[in-house]
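Per-entry structural report
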Amino acid sequence: MNFASDNAGPMHPSVLNAIVDANTGYEMPYGNDSIMPRVRDKIRATFEAPEAAVYLVATGTAANALALSTYTNSWDTMFAHRVSHVEEDECGAPEFYANGARLTLVDGDGAKMDPSALRHAIVNTGDKGVHGVQRGPVSITQATEVGTLYSLEDIAALTAIAKEYGLKTHLDGARFANACAALGCTAAQMTWKAGIDVVSFGGTKNGCAGVEAVVFFDPEKAWEFELRRKRGAHLFSKHRFLSAQMDAYLTDDLWLKLGRQANANCARLVKGLETVKGAEIPDTPEANMVFAHLPRAAHRRAMDAGAKYYLFPADATLDGPDDDLIRCRMVCDWNKTEAEIDQLVDLLRG
Ligand SMILES: *Cc1c(COP(=O)(O)O)cnc(C)c1O
């Protein structure tokens, strides 16, 4: 019963088999393997973007930091939500890769940037002339860090503001598949058709071992990205094994099927959580993750039986009054079984 994160599970058998299949003979290193052209074609087809520049890295942090830094001068600031991976979970990698550029935090409910807050942050940044940092790219996370979704109109509204000021836009799609599946839209609709310039297209959390694609819809900065990836030590020599994962992930829309499955698993979990006495679920879970406030006694029963998930704050203790509500996060990947979900719910219900 591990609901800690969607990267706690196994890789999908198709992805593992693709790695095994790729493990014969010799292949040119550093992205010149025979699988990568196929991956490039499939990404371009998936995103309906024949000109897109496509690169693979092994972590989402690398994808985000390298993508953002490509559009950031060292004297710029990158706009991101206060509750975003680039702010909270990357140890300053975006600032590091952008040679000391800053992050400016933008607020909004449900971990979604409020358009007027974004506009305010941008305007506020540009009015100090040489004394202030300059305006850099805007980074949006879809699905968000709390499992909510921007609608296509929400994304378009934010990118329109960015464009008004001549700023580039980045989509952190570590959970791109979950979002796309939930919205029932195409990859193109959720990115360039909504004004996104570069996307981190996640694989690791959705059935891969460790691969994310960085997709630039305008290839203008492609060479610069390649230099940054190499200089940042994220150009894999045995790149064929990244290519193999992404190839399998894109075959027959596996990425979308797994995202859909993970969402369905989470919906089942949420339905169960709603029946736990005293439970409160403030943000409507829209993808594969739920934040719930549950009584301490419920957590104690589940965790004593071996369930794993995060409590907030991190130092929350299971010793104390039974009825105190403690916030938790539970995430479902594609691999969860109904039995496992129901077992957790039964324990929480007591
Ligand atoms: C998991 C995650 C990432 C990538 O994290 P890595 O651990 O570096 O692979 C990026 N963005 C979001 C929103 C995530 O949840």
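Coordinates for the structure precede this section.
Below is a summary of the structure that appears in this document. Everything quoted here is computed from the prediction, not taken from an experiment. (Residues numbered from 1 in each chain as written. Predicted model: local features only at pLDDT ≥ 70, side-chain atom pairs only at ≥ 80, totals over all residues. Heavy atoms only, no water.)

**Some details on the packing of aromatic side chains**
Per the stated rule, a full pass over the model turns up 12 aromatic pairs. Judged by centre distance (5.7 Å) and plane angle (75 degrees), the ring pair of tyrosine 71 and phenylalanine 216 falls under edge-to-face. Taken as a pair, tyrosine 71 in the loop between helix H3 (60–70) and strand E2 (76–81) and phenylalanine 216 in strand E7 (residues 212–216) lie far apart in primary sequence, 145 residues in all. Assessed through its relative accessible area of 0%, phenylalanine 216 is described here as buried. An aromatic cluster of at least three residues, connected via ring pairs, comprises Phe47, Phe176, Phe201, Phe217, Tyr249 and Trp255. Sitting over the face of the ring of phenylalanine 312, arginine 327 holds its NZ or CZ atom 5.3 Å from the ring centroid. Sitting over the ring of phenylalanine 3, lysine 336 keeps its end group 4.8 Å from the ring centre. (Phe/Tyr/Trp six-rings, centres within 6.5 Å; stacked < 30°, edge-to-face > 60°. Helix = DSSP H or I, 4+ residues; strand = E, 2+ residues; numbered from the N terminus. Buried < 20%, exposed > 50% of the residue type's maximum accessible area, 1.4 Å probe, protein only. Lys NZ or Arg CZ within 6 Å of the ring centre and 35° of its normal.)

**Some details on the site of the ligand**
The environment of the ligand is made up of Thr59, Gly60, Thr61, Asn64, His85, Glu90, Thr141, Glu145, Asp172, Ala174, Arg175 and Lys205. Take arginine 175: an N or O atom from its side chain is 3.0 Å from an oxygen atom of the ligand. Lysine 205 is positioned such that a nitrogen or oxygen atom in its side chain is 2.7 Å from an oxygen atom of the ligand. For the ligand, whose free accessible area comes to 390 Å², the fraction covered by protein is 82%. Looking at which element gives the most residues to the shell around the ligand, the answer is H3, with 3 residues. When grouped by side-chain class, the residues that make up the shell around the ligand number 1 nonpolar, 6 polar and 5 charged. (Near = heavy atom within 4 Å. Polar contact = N/O pair within 3.5 Å; in protein donor to acceptor, adjacent residues only side chain to side chain. Areas by Shrake-Rupley, 256 points an atom, 1.4 Å probe, with all protein chains shown as cover. Nonpolar A, V, L, I, M, F, W, Y, C, P; charged D, E, K, R; others polar.)

**Focus on the sheet that holds strand E4 (residues 134–141)**
Taking strand neighbours across the sheet as the criterion, the 7 strands line up as E1-E7-E6-E5-E4-E2-E3 in an open arrangement whose pairing is mixed. Two strands in the sheet have a free side with no partner beyond their single neighbour: strand E1 (53–57) and strand E3 (102–106). Looking at each pair of strands side by side, their axes are set apart by 20 degrees on average, direction ignored. Judged from the 5 bridges that link them, strand E6 (residues 198–202) and E7 form a sheet pairing that is antiparallel. Within the sheet, the bridge partner assigned to valine 198 lies in E7 and is phenylalanine 216. Helix H6 (residues 115–125) rests against E2, E3 and E4 of the sheet, and its axis sits at about 160 degrees to E4. (Pairing = 2+ DSSP bridges. Axes fitted to C-alpha atoms, helices over the stretch in contact; angles between N-to-C directions. Contact = heavy atoms within 4.5 Å.)

**Topic: the pairing of E4**
Within E4, 6 of the 8 residues are buried, leaving the element largely enclosed by the surrounding structure. With 4 bridges connecting them, E4 and strand E5 (residues 169–173) associate as parallel partners. The residue bridging threonine 141 from the neighbouring strand is aspartate 172, located in E5. In this view, the connection linking E4 to its parallel neighbour E5 by way of helix H7 (residues 152–164) has right-handed handedness. (Right-handed = clockwise from strand over helix to strand, strands pointing away.)

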